[in-house]
Amino acid sequence: MIKNGTFSLGMLISIIGLVVMAVCTWIGLALNHIAPAIAAVASIVVLLVGGVSVFIGVRAKTAGSDFGKWHTYEIFCIVGMFLALGFAILPTITTFNFALKNGELRDAARQDIDGIDSLIVSFHEQETARMNTTFRGLENFVRHGHGNCSAGMRQYLQDEFRTTPQNFSNQLINNRRGEVRAQIDDIRLGNSMYVNAFANRLENLRAVANATLPVGFGRLGQEMDNTSAQVGEVLTDISSRLNLPVPYAGSSQQYNLTPSEAHEYSFSPTAYSEAYGVIGKIQPWSVVFALLCAFAAMFYYIIAYRALRKAVDKGSKVSDRLGLPL
């Protein structure tokens, strides 16, 4: 306990306990989808209310006069300790669970982020294959002559190239190939280019998954869901807008077109959400850890001698005989 303003081991234990519970409150609330700024404010409140309650509680418990006044103060301090530390129990449990599953959660997050990234890789591969098939058929059409083609082929050349079969050339094919390749490479929908935006979004998600402080993990699952949905929607929309039929020569060597099916791109990031569900559960060891932290936070108050109305000889404490300033 405090004597003449000296620093004691009991005081140090309480300070450590309070700081640990405050930090765990910040992390635990953030992991439970509370905004990090609000979680930080809550942790400061836990630290201040808990700290003031403990230290004023010690002063009230050891007061040698005005017993009625200090007894009232002590009751308020006890309530303050239980409110602050009781509020911090569940976030501390969550933080301890996260510490136990830290590696698994990070691996699951990376797995889901790679899955979203694979959508873009798959889009480039499949749409490039569609493009190559279309333009290879058009090159064969030019090489074998322009006249013998179906009405559908004529309409396609008019709509896509603004030309007739007789005026169709490899130069027009190469120009159009460049436009389509830009749409695929840049993930371009109209005038909007998404390739850099998606790359930056994925890098931000990876930064959260690799961050030392896990305060962003609470919203990581939702952010991955939103990103995956947007990427899939944009890629599917671009695929459906790419007019890439398959030109072929029929039995009479007349060139016709077969529609090329657009691809639907989707990915559900489930690995992280499944792993994340574990940290919200109450586990025996996490409860023990939270209660030990709460006990440590109140330790200075618990070991303080209560002053008596009538002075008596308390004798010496075992800690005094051992030289420990409790």
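Before any of the text, the structure's been laid out above.
Since this is a predicted model, take the numbers as computed values, not measurements.

### Some thoughts on the overall build of the chain
Tallying secondary structure elements over the chain gives ten helices and four strands in all. Helices (α) and strands (β) of the chain occur, in sequence order from the N terminus, as α-α-α-α-α-β-β-α-α-β-β-α-α-α. For the chain, the C-alpha radius of gyration of 35 Å lies well beyond 20 Å, the compact-globule estimate for 326 residues. A principal-axis box enclosing the C-alpha atoms of the chain has dimensions of 120 × 30 × 25 Å. Here the chain holds 326 residues, and the buried ones make up 40% of them. In the chain, 77% of the contacts between residues at least 6 apart in sequence involve partners at least 24 apart. Carbon together with sulfur atoms contributes 59% to the accessible area of the chain, which is approximately 17300 Å² in total. Here the chain carries 27 positive and 25 negative side-chain charges, and the mean point of each set is 13 Å from the other.

### With respect to the pairing of strand E4 (residues 255–258)
Two faces, one strand: in a regular strand the side chains alternate between the faces of the sheet. As paired elements, strand E3 (residues 246–249) and E4 share four bridges and run antiparallel to each other. Within E4, the position partnered with Tyr248 by the bridge is Asn256. Turn length for the E3-E4 hairpin, with the two strands adjacent in sequence and antiparallel, is five residues, and the turn residue Gln253 shows positive phi of about 65°.

### Quick word on the packing of aromatic side chains
The geometry of an aromatic ring pair comes down to the distance between the two centres and the angle between the two planes. Counted under the stated rule, the structure contains 13 aromatic pairs. Look at Phe98 and Phe217: their rings are 5.3 Å apart centre to centre, the planes differ by 75°, and that puts the pair in the edge-to-face class. Here the residue Phe98 occupies a position in helix H3 (residues 67–143), and Phe217 occupies one in helix H7 (residues 217–241), the gap between them amounting to 119 residues. Accessibility classification places Phe98 together with Phe217 in one group, the buried group. Among the aromatic residues, those joined into a ring-pair cluster are Phe141, Tyr156, Phe161, Phe168 and Tyr255. The lysine or arginine in question, Arg59, covers the ring of Trp70, its NZ or CZ lying 4.5 Å from the ring centre.

### Overview of a nonpolar patch on the surface
On the surface, a cluster of nonpolar side chains totalling about 270 Å² of accessible area is made up of Ile15, Val19, Val23 and Leu47. Here the nonpolar patch gets three residues from one element, more than from any other, and that element is helix H1 (residues 9–31).

### Thoughts on unusual backbone geometry
Phi is positive for His33, which is not a glycine, with a value near 70°. On the basis of relative accessibility, which here comes to 51%, the residue His33 falls in the exposed class. Located in the positive-phi region is Arg162, a residue other than glycine, with phi close to 55°. If you trace the backbone, Arg162 turns up in the loop between helix H4 (151–161) and helix H5 (170–185). We classify Arg162 as exposed; its relative accessible area is 63%.

### Quick look at the pattern of salt bridges
Tallied over the full model, the rule gives eleven salt bridges. Among the salt bridges present, the one from Asp117 reaches Arg206, with a minimum N-O distance of 3.4 Å. Of the two residues, Asp117 sits in helix H3 while Arg206 sits in helix H6 (residues 195–210), which places them 89 residues apart along the sequence. When the shortest N-O distance is used, the salt bridge between Arg176 and Glu160 registers 3.0 Å. Of this pair, Arg176 sits in helix H5 while Glu160 sits in helix H4, and the two are 16 residues apart along the sequence. Salt bridges linked by common partners bring Asp114, Asp117, Glu203 and Arg206 together as one network.

### Points about the nonpolar core
The biggest cluster of nonpolar side chains holds 53 residues, and the ones touching the most others in it are Leu105, Phe135, Leu138, Phe168, Ile187, Leu235 and Tyr272. Looking at this core, the elements with two or more residues in it are H1, helix H2 (36–61), H3, H4, H5, H6, H7 and helix H8 (271–276). No other element matches the 14 residues that H3 contributes to this core. Discounting residues that sit within four places of it in the chain, Phe135 has contacts with Phe161, Ile173, Arg176, Arg177, Val180 and Leu244. By size, the runner-up hydrophobic cluster in this structure holds 20 residues, among which are Cys77, Met81, Met298 and Tyr300.

### Observations regarding the packing of H2 against H3
Each pair of packed helices gets described by two things: the angle between the helix axes and the distance between those axes. With their axes 8 Å apart at the nearest point, H2 and H3 run at an angle of 150° to one another. Judged on the interaxial angle alone, H3 and H2 are roughly antiparallel. As for the relative orientation of H2 and H3, their crossing is left-handed in sense. Between H2, through Ala42, Val46, Val49, Gly50, Ser53, Val54, Ile56, Gly57, Arg59, Ala60 and Lys61, and H3, the contact on the second element is made entirely by Trp70, Tyr73, Glu74, Cys77, Gly80, Met81, Ala84, Phe87 and Ala88. Partitioning the contact of H2 with H3 into residue classes produces 13 nonpolar, four polar and three charged.

### Quick notes on H3
Look at H3: 107 Å from first C-alpha to last across 77 residues, which is about the 114 Å you get at 1.5 Å a residue. Lys101 marks the point of greatest bend in H3, at about 70°. The first or second residue beyond H3 is Gly145, which carries a positive phi of 110°.

Reading the values: the criteria
Residues numbered from 1 in each chain as written. Predicted model: local features only at pLDDT ≥ 70, side-chain atom pairs only at ≥ 80, totals over all residues. Heavy atoms only, no water. Helix = DSSP H or I, 4+ residues; strand = E, 2+ residues; numbered from the N terminus. Rg over C-alpha atoms; globule rule 2.2 N^0.38 Å. Buried < 20%, exposed > 50% of the residue type's maximum accessible area, 1.4 Å probe, protein only. Contact = heavy atoms within 4.5 Å. Areas by Shrake-Rupley, 256 points an atom, 1.4 Å probe, with all protein chains shown as cover. Lys, Arg positive; Asp, Glu negative; His and termini not counted. Charge placed at Lys NZ, Arg CZ, Asp CG, Glu CD. Pairing = 2+ DSSP bridges. Phe/Tyr/Trp six-rings, centres within 6.5 Å; stacked < 30°, edge-to-face > 60°. Lys NZ or Arg CZ within 6 Å of the ring centre and 35° of its normal. Patch = residues over 30% accessible without salt bridge, like charges linked within 9 Å, V, L, I, M, F, W, Y side chains within 5 Å. Salt bridge = Lys/Arg side-chain N within 4 Å of Asp/Glu carboxyl O. Core = buried A, V, L, I, M, F, W, Y, C linked by side-chain atoms within 4.5 Å. Axes fitted to C-alpha atoms, helices over the stretch in contact; angles between N-to-C directions. Parallel < 35°, antiparallel > 145°, perpendicular 65-115°, else oblique. Left-handed = near helix turned anticlockwise from the far one by under 90°. Nonpolar A, V, L, I, M, F, W, Y, C, P; charged D, E, K, R; others polar. Expected span 1.5 Å × (residues − 1). Bend = angle between axes of the 7 residues up to and from the residue.

By themselves, these figures tell us nothing about what the structure is for.
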